[in-house]
Amino acid sequence: MPKIQNVSTPLTARAPTAHAAPKKAAAQAPSQVSKGWAAKTGTVAAKAPRYPEVATTAKAFVDAYAKGSKAISQMDMVASSQGTNKAADALLTRVATELASQLSDRGQDAAGAKVLKDLDGFMKKVGPAKSYYVDPERGSMASLEDNGDRMTKVMNQLARLSAQLGKVNAEPAGEYQQAYNRQAGGMLVQAEADFAGAFMKAYDVNADDAVITKAQTFFKALPRNVDSQVESRGGTLEPLERAGGAATALNDFAKKL
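Quick caveat, the model's predicted, so the values are computed rather than measured. (Residues numbered from 1 in each chain as written. Predicted model: local features only at pLDDT ≥ 70, side-chain atom pairs only at ≥ 80, totals over all residues. Heavy atoms only, no water.)

### Considerations on the overall build of the protein
When you go through the protein residue by residue, the secondary structure sums to seven helices and zero strands. Counted from the first residue to the last, the protein has its helices and strands arranged as α-α-α-α-α-α-α. Per-residue burial for the protein yields a buried fraction of 38% across its 257 residues. Accessible surface for the protein amounts to roughly 15,700 Å². Of this, 55% is attributable to carbon and sulfur atoms. (Helix = DSSP H or I, 4+ residues; strand = E, 2+ residues; numbered from the N terminus. Buried < 20%, exposed > 50% of the residue type's maximum accessible area, 1.4 Å probe, protein only. Areas by Shrake-Rupley, 256 points an atom, 1.4 Å probe, with all protein chains shown as cover.)

Following this line, the structure appears as structure tokens:
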């Protein structure tokens, strides 16, 4: 989670940009409308992303840190620690769900069900991230400390489940295309989890915002980079190529953090 900043140190927070509502075009009288070609009026639908998004859970983890890095007051810092915990929870749930699914693919339904049951028990034990409060003994830093401890537990559990997923998914569940695609998908889920752990460690060294900027730049380019490697567009190999390309890119980038 983001490092605790000294509130006496001035930090720069970017205020959200206000977007003015577009002015409605004045209605033209029939006599003013020229014949022939004319610009079409009406609502323009938002453009769909040019390249399919990938590794969105890991990207959300980085974005949560980016938002927290702009926190100024203790209340803002606590809110950001809730945000990073929420992003970590999403990664943990994603990995546990994938692990359970991969076990089920291999005929280990009971083991898969236990993974989800254990996840539910773990989440109940750690409880939700806490909002701002003042502890009689620890003062106003209590919630930050509690959320920091909680984040450590969640990330440790994430690392354990990611390692288990890697073992289960070391080989495809069968010798057919869907099994190969599923294996690649599992590798991407594991890569997202491992990336998050490497990113958190790199950032926590000295709360260097350059780490966040570097990661955001990477994720901005990732969809296009992955798309450029796809050769079987519309074919059965496309899911494998997209997941495999994204997993490789994440693993390579994590080593550079």
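Text resumes after the structure shown.
### Brief notes about helix 1 (residues 56–68)
Across its 13 residues, helix 1 extends 18 Å between first and last C-alpha, which sits within 8% of the 18 Å expected from 1.5 Å per residue. Those residues of helix 1 lying buried are T57, A58, F61, V62, A64, Y65, A66 and G68. Residues of helix 1 that are buried sit in contact with helix 2 (74–105), helix 4 (142–168), helix 5 (177–204) and helix 6 (209–227). (Expected span 1.5 Å × (residues − 1). Contact = heavy atoms within 4.5 Å.)

### What to know about the nonpolar core
Grouped together as the largest cluster of nonpolar side chains are 52 residues, with contacts concentrated most on F61, Y65, M155, F195, F199, F219 and L250. Sorting the residues of this core by element identifies helix 1, helix 2, helix 3 (109–126), helix 4, helix 5, helix 6 and helix 7 (238–256) as the ones contributing at least two each. Among the elements that take part in this core, helix 5 stands out by supplying 11 residues, more than any other. (Core = buried A, V, L, I, M, F, W, Y, C linked by side-chain atoms within 4.5 Å.)

### Some words on the packing of helix 6 against helix 7
Look at helix 6 against helix 7: their axes get within 10 Å of each other, and the N-to-C directions meet at 155°. The angle between helix 6 and helix 7 places the two elements in the roughly antiparallel class. Remark: the crossing between helix 6 and helix 7 carries right-handed chirality. Touching K214, A215, F218, F219, L222, V226 and D227 of helix 6 are R242, G245, A246, A249, L250, F253 and K256, all from helix 7. Residues that form the contact of helix 6 with helix 7 fall into these classes: nine nonpolar, one polar and four charged. (Axes fitted to C-alpha atoms, helices over the stretch in contact; angles between N-to-C directions. Parallel < 35°, antiparallel > 145°, perpendicular 65-115°, else oblique. Left-handed = near helix turned anticlockwise from the far one by under 90°. Nonpolar A, V, L, I, M, F, W, Y, C, P; charged D, E, K, R; others polar.)

### Considering the packing of aromatic side chains
On inspection of all chains with the given rule, the structure shows 10 aromatic pairs. Between F195 and F219 the ring centres are 5.3 Å apart and the planes differ by 80°, which places this aromatic pair in the edge-to-face class. Of the two residues, F195 is situated in helix 5 and F219 in helix 6; the sequence distance between them amounts to 24 residues. Note on F195: relative accessible area 0%, which makes it buried. Residues F218 and F219 carry aromatic rings whose centres are separated by 5.1 Å and whose planes lie at 75° to one another, so their mutual orientation is edge-to-face. (Phe/Tyr/Trp six-rings, centres within 6.5 Å; stacked < 30°, edge-to-face > 60°.)

Honestly, it's all geometry; don't read function into it.
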